Amino acid sequence: MKILAIGRNYVAHIKELNNEIPTDPVIFSKPETALLRKNAPFYYPEFSNDIHYEVEIVLKICKQGKNISEKFAHNYYDEIGIGIDFTARDIQDKAKEKGLPWVIAKGFDGSAPISHFVPKSDFKDLYNIKFSLSLDGEIKQKGNTKLMIYSFNYIIAYISKFITLNKGDLIFTGTPEGVGPVKIGNILEACIEDKKMLHVKIK
Ligand code: MG
């Protein structure tokens, strides 16, 4: 399986990092070894001093597809979950300055904690899902899928023009504003609507 992610999908977050609103989605990937499942702890790596949380809704692809049209894209994912796109912001900032790839900044071990997945049919409106992230009990990020620049269906259609999607692939769909650093000892908790889905201790 593979993990794909969209870099800029919420206007307020693009502004907080002084990035430009893209004309096309910014896509990157993380290796499978980035995954943390079942509320496993995150071990702060020694190569960075500025690991940031980014909470994101994650789609799980349910069948293989290539060149999927936006109209049919909803048939290609059946479950959603929530994840954290941990980013070594110091490494990413250096890469951005030089126009270099984000592989290490975004793809290091443990950089993709994910929750369990729930059927998308559990949601009345996929484009009005609230989600949030708290750090040590204090809400830091609040998002709503109605604020996405690119819809789930658009993201699936766009990625599948270039990369075949397979059953089990995951797509991180972008973070709202409020990203920030973590420290050893912090506890992150992510919710979809009011349901706690993910718990990550920083060790
Ligand atoms: Mg992200």
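See above for the structure.
Residues numbered from 1 in each chain as written. Predicted model: local features only at pLDDT ≥ 70, side-chain atom pairs only at ≥ 80, totals over all residues. Heavy atoms only, no water.

Asker: What exactly am I supposed to notice about the sheet that holds strand β11 (residues 138–144) here?
Answerer: Remark on secondary structure: sheet strands pair via backbone hydrogen bonds, oriented parallel or antiparallel. If you trace the 4 strands from one edge of the open sheet to the other, you get β11-β10-β14-β15, paired in antiparallel fashion. Because the sheet does not close on itself, it has two edges, and the strands there are β11 and β15 (195–201). Within the sheet, the average angular offset between the axes of one strand and its neighbour, ignoring direction, is 15°. Sheet topology note: the strand β14 (residues 187–192)/β15 ladder contains 6 bridges and is antiparallel. Residue pairing in the sheet places Ile 187 in a bridge with Lys 201 of β15. (Pairing = 2+ DSSP bridges. Helix = DSSP H or I, 4+ residues; strand = E, 2+ residues; numbered from the N terminus. Axes fitted to C-alpha atoms, helices over the stretch in contact; angles between N-to-C directions.)

Asker: Even after reading the chapter, I still don't get the nonpolar core, so can you show me in this structure?
Answerer: Within soluble globular proteins, side chains that are nonpolar tend to cluster in buried spots. If you look at the biggest cluster of nonpolar residues, it comprises 44 residues, and the most contacted ones within it are Phe 86, Ile 156 and Leu 188. Secondary-structure elements contributing two or more residues to this core are β1 (3–6), β4 (51–53), β5 (55–61), β6 (77–84), β10 (130–135), α4 (152–162), β14 and β15. Non-local contacts of Ile 156, meaning those with residues more than four positions away in its chain, are made with Leu 59, Ile 61, Ile 68, Ala 73, Tyr 76, Tyr 77, Leu 165 and Ile 171. Ile 3, Phe 28, Ala 34 and Ala 112 belong to the second-largest nonpolar core, a separate cluster that totals 13 residues. (Core = buried A, V, L, I, M, F, W, Y, C linked by side-chain atoms within 4.5 Å. Buried < 20%, exposed > 50% of the residue type's maximum accessible area, 1.4 Å probe, protein only. Contact = heavy atoms within 4.5 Å.)

Asker: Just checking my understanding: could you explain α4 for this structure?
Answerer: The periodicity of an α-helix, 3.6 residues per turn, causes residues three or four places apart in sequence to face the same way. Here α4 lies mainly inside the structure; 8 of its 11 residues are buried. Every buried residue of α4 is listed here: Phe 152, Asn 153, Ile 155, Ile 156, Ala 157, Tyr 158, Ile 159 and Ser 160. The elements touched by buried residues of α4 are β1, β2 (27–30), β5, β6 and β12 (170–172).

Asker: When you look at the coordination of the magnesium ion in this model, what are you seeing that I'm missing?
Answerer: Each donor-metal-donor angle in an ideal tetrahedron of four donors is 109.5 degrees, and each such angle in an ideal octahedron of six donors is either 90 or 180 degrees. Donor atoms from the polypeptide that coordinate the magnesium ion comprise Glu 54 (OE), Glu 56 (OE) and Asp 85 (OD), at 2.0 to 2.1 Å from the metal. Going along the chain, you hit the donors of the magnesium ion in the pattern E-x1-E-x28-D. Here Asp 85 lies in the loop between β6 and β7 (87–88) and Glu 56 lies in strand β5, a separation of 29 residues in the sequence. An identical accessibility class is assigned to Glu 56 and Asp 85; each is buried. (Donors = N, O, S within 2.8 Å, 3.2 Å for Na, K, Ca; no water.)

Asker: What should I look at first to understand the packing of aromatic side chains in this one?
Answerer: Remark: the centre distance and the inter-plane angle together describe each pair of aromatic rings, the angle taken between the planes. On inspection of all chains with the given rule, the structure shows 10 aromatic pairs. Taken together, a centroid distance of 5.6 Å and an interplanar angle of 70° make the contact between Phe 47 and Phe 108 edge-to-face. You can see Phe 47 sitting in the loop between β3 (35–36) and β4 and its partner Phe 108 sitting in the loop between α3 (103–107) and β8 (112–113), a full 61 residues away along the chain. Accessibility expressed as a relative area gives 44% for Phe 47, which makes it partly exposed. When the ring of Tyr 150 is compared with that of Tyr 154, the centres are 5.2 Å apart and the planes differ by 20°; the resulting orientation is stacked. (Phe/Tyr/Trp six-rings, centres within 6.5 Å; stacked < 30°, edge-to-face > 60°.)

Asker: Explain unusual backbone geometry here, please?
Answerer: As a rule of thumb, non-glycine residues mostly have phi less than zero, and peptide bonds are mostly trans rather than cis. Within the chain, Asn 18 stands out as a residue other than glycine whose phi angle is a positive 55°. A relative accessible area of 71% places Asn 18 in the exposed class. In this structure, Asn 67 takes a positive phi of about 50° despite not being glycine. For Asn 67, the position within the fold is in the loop between β5 and β6.

Asker: What is the right way to look at a nonpolar patch on the surface in this model?
Answerer: A surface patch of nonpolar side chains, amounting to about 210 Å² of accessible area, comprises Val 11, Ile 21 and Ile 149. Secondary-structure assignment places Ile 149 in the loop between β11 and α4. Judged by its relative accessible area of 31%, Ile 149 falls in the partly exposed class. (Patch = residues over 30% accessible without salt bridge, like charges linked within 9 Å, V, L, I, M, F, W, Y side chains within 5 Å. Areas by Shrake-Rupley, 256 points an atom, 1.4 Å probe, with all protein chains shown as cover. Salt bridge = Lys/Arg side-chain N within 4 Å of Asp/Glu carboxyl O.)

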